[in-house]
Structures are given as C-alpha cells and as structure tokens.
Amino acid sequence: MANFFARTLLKWHRDNPRPLPWATTNPDPYHIWLSEIIMQQTRIEQGTAYYLRFVNKFPTVDSLASASTDQVMRLWQGLGYYTRARNLHKAAKHIVENLDSNFPDTYEGLLALPGIGPYSAAAISSFAFGRRHAVVDGNVKRLIARFSGVRSSIDDASTHLQIQQIASTFMTDVSTAVFNQAIMNFGALVCKPKSPLCAACPLATHCFAFQNNLVDALPVRTKKKDLRERYFHFVVLHYRGKFLLQRRVEKDIWHGLYVPPLLESKSTRIPSHTRLHSFVHGLIGHDDIEGIESSSTIRQLLSHQSINGRFIHYKLLAPPITSFETFVWVSKKTMNQYGKPKMVAEMLNDY
DNA sequence: AAATCGGGGTC
DNA sequence: GACCCAGATTT
C-alpha cells in the first residue's frame, strides 16, 4: 500500500507541476523559511504576493533582522495572524545575532525557533536540507483521513500523530522533499475539501473513502464554537491635518497593528456623550472637541470573533495635553508607514 | 485538550 | 452563510 501510494503520488506530481517561487532547484533556506511562515493557514494564491514583496524588500535574513517592527508589520498588513510576523522578525534577529546568520539545519534546531512548529520544522528541514520528516498540514490530514479511512477527528492531537505516522510510512524510499511537495499539492488540487476530483484521482482504486462512499463524510472535524460578538467604537481625533493612531498591545487581536483609540461596548449602540468625552479626556488630557461625523457599523468576521466597528470623528479645538508611548499622530502620507487592520485601512482610504 | 489568533476564496 | 486554508502558541 505504501509503495502504491508513493509511486502513484510521485507520478502525478511529475505530470502536474506547480511552480512555486521559493521552490527552486537550489533552495535557499531563508526563502523556504519565509514562504512557510507566510503560508501558515493561508492559501498559496493569497500568500504568494506577500512572499514576493517580502523577499524583494528583505532579500536576506540580515536585512529582515535589521528592519523595524513597524516595517515588518506594515508589509504583513492584510495577511492576518499577526503573531506570525512578530515571531518571524524575532527569529530573524536570533539567527543573525546568535547563529551567525545561518539557519539551523535539523528538525529540532528549526523547531526551537519562534513561529516554527511541527509542520514548519518538517517542511523547512526537508525542503532546504533533505531531512526525512513528513509534513502534516491540512492537505495531508484530509488526504490521509480519506485514503486510509481515519474516522476520528483530525482536530484531535492523537489523530494528528496517527496521520503523521501513516505519512511517514508512505514516504519510505522516496525523496522526502519531493514527497512532501507532492502530497500537499495533491491535497490542494485533487483531494480538495469540497468536490474532490475523485473521477480523475489516480489513488481512487485504493482509497478507503472512495471505495466506501465516504468521501463527503471524511475527514471528521470537531465542531467549532460560536463567534464572540464585539463592538468597537473607534474614536478618530483630528488635529491640524493629522489624526491619532495607537499601537495595539498583547493578548488581543491585531497585536502590533495601529488603530484609532477605541471604546469597546456590549452592543452596537453608540456610547453616551458623557462616556465618549471622558474617554477622550483620558487620551489627550482635555475634551475640548467638536463632533464631525459618525459612520454606520461595519462588520468584519474573524476566525473566532465578529467585530462590529464604528468610526466617530472629532476635531480637537485645543492641542493635546497628554500622550502615551503607543500614540502616533499621522498625516495622510505618514499613515502608510503603519500596519492597520482591514476595517481601519479601508476607513482611512475612504475618508 | 481547548481557546485564540485574520482575512479571503469557494461552494 | 459555512467551511477551510503549507499552524503555532497560550491557557
């Protein structure tokens, strides 16, 4: 079975090339690493443009390490899961400062870097250094759950381990890098989540799900919980051609991005005049302001939250008295230096 | 083990 | 709308 799987998979791979900018005949570990971090939980079609921008702006790990946090976050804007960007930057600095700018060339060495977990350690160690570690990503879990008839939830850690072992068995006696590339491509292009191409699938003759009419029932996934509704009232303070942005800090969404100061509430209802003025006073030390306009509510769905955002604009009638370390007063021009969440970037572009 | 972290494409 | 993506990290 293992022999059939690998032989068939690799033949399909030869017949169906999928050019990827970072997968060249002479792979650069920096390029492989960069691509793997960017592609975590991201479709190739979405992430490739970001990869090209990063590798163009930061051609080497040294150039990435010397960049500012704001530069990195700005380039990452729109890609989501921003902890990836901060860990990418942290790892780059670590490699330059402590590893003489050389990437670890083992699975364990890579795993120790921030932002690199089991999948990325397997991917980078195999693609860049030819190490024998089978990758297990969403594609591989789905494909093997169907092919081998894995009935337990692919979200369980024990199932993940089981699939990892099956993949390792299938990988025997073939090039690790080619096998890993092939199995992910196959999962993405043939054994798709919805409407997989079973009629054209070369593995179908030995596929448990196909033979037992369970293709739509596998893989089994754990039901996810409902979204948390949140209501953000962004307060946009305008003063002499500039407006205030604030860097978001840890333990919430959009860490490291910049947003107008926001007042969170339990409903879509606009906060009271009193509460808004008190909030502004806490920010700039006075509330000598004049309301300009308020937007309607904009809804943005995240993986675990539903954000209902509203923008309330004020003009300052006196200069700000107080400030905070996270504040930046930006103009239309300088605002582009800072990474912002989608709904904030769109509001500023439209305003 | 479960929760958390974005945004976009696809059906 | 629901699902899911070259997952990792924290709780």
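No experiment lies behind these values; they were computed from the predicted model shown.

K.L.:
Explanation requested: the state of the cysteines in the structure shown.
P.N.:
Counted under the stated rule, the structure contains 0 disulfides. For the unlinked cysteine cysteine 191, the closest cysteine sulfur is that of cysteine 207, found at 6.5 Å. There is no disulfide at cysteine 201, and the cysteine sulfur nearest it, in cysteine 198, is 6.3 Å away.

K.L.:
Looking at this structure, how should I read the UniProt feature "domain: HhH-GPD" (unreviewed entry) in chain A?
P.N.:
UniProt's feature table lists "domain: HhH-GPD" (unreviewed entry) at residues 38–189, given in the numbering used throughout. Here residues 38–189 is 67% helix and 0% strand, with 20 Å between the C-alpha atoms at its ends.

K.L.:
When you look at helix H6 (residues 83–98) in this model, what are you seeing that I'm missing?
P.N.:
Helical geometry note: an α-helix holds 3.6 residues per turn, so side chains three or four residues apart project in the same direction. Its 16 residues place the ends of H6 22 Å apart at the C-alpha level, agreeing with the 22 Å of an ideal helix rising 1.5 Å per residue. Every buried residue belonging to H6 is among Arg84, Ala85, Asn87, Leu88, His89, Ala91, Ala92 and Ile95, and all of these are buried. On its buried face, H6 sits against helix H2 (29–39), helix H3 (44–57), helix H4 (61–66) and helix H5 (69–76).

K.L.:
Would you mind showing me how to read the protein's contact with DNA strand C here?
P.N.:
Around DNA strand C sit 28 residues, and of these Leu20, Gly115, Gly117, Asp137 and Arg142 come closest. The share of sugar and phosphate among atoms of DNA strand C within 4 Å of the protein is 70%. Contact distances for DNA strand C include 3.0 Å between a base oxygen and a side-chain N or O atom of arginine 43. Counted by class, the surface near DNA strand C contains 10 nonpolar, 11 polar and 7 charged residues.

K.L.:
What is the right way to read the domain arrangement of chain A from this model?
P.N.:
The accessible area lost on association of the parts is a frequent measure of interface size. By domain assignment, chain A separates into domain 1 (2–211) and domain 2 (228–350). Using only C-alpha atoms to locate each centre, domain 1 and domain 2 end up separated by 37 Å. Across the boundary between the two partners, domain 1 contributes 7 residues, which contact 12 residues of domain 2. For the pair domain 1 and domain 2, the two sides together bury roughly 830 Å², of which 49% comes from carbon and sulfur. Taken as a group, Asp70, Gln77 and Tyr82 account for 51% of the area that domain 1 buries against domain 2, more than any other trio of residues on that side. The tally of links from domain 1 across to domain 2 stands at 0 salt bridges.

Parameters and conventions
Residues numbered from 1 in each chain as written. Chains lettered and ligands numbered in written order. Predicted model: local features only at pLDDT ≥ 70, side-chain atom pairs only at ≥ 80, totals over all residues. Heavy atoms only, no water. Disulfide = S-S within 2.5 Å. UniProt positions renumbered as here; feature names shortened; annotations may be inferred. Helix = DSSP H or I, 4+ residues; strand = E, 2+ residues; numbered from the N terminus. Expected span 1.5 Å × (residues − 1). Buried < 20%, exposed > 50% of the residue type's maximum accessible area, 1.4 Å probe, protein only. Contact = heavy atoms within 4.5 Å. Near = heavy atom within 4 Å. Polar contact = N/O pair within 3.5 Å; in protein donor to acceptor, adjacent residues only side chain to side chain. Nonpolar A, V, L, I, M, F, W, Y, C, P; charged D, E, K, R; others polar. Domains from an automatic or database assignment. Buried area = accessible area lost by both parts, 1.4 Å probe. Salt bridge = Lys/Arg side-chain N within 4 Å of Asp/Glu carboxyl O.

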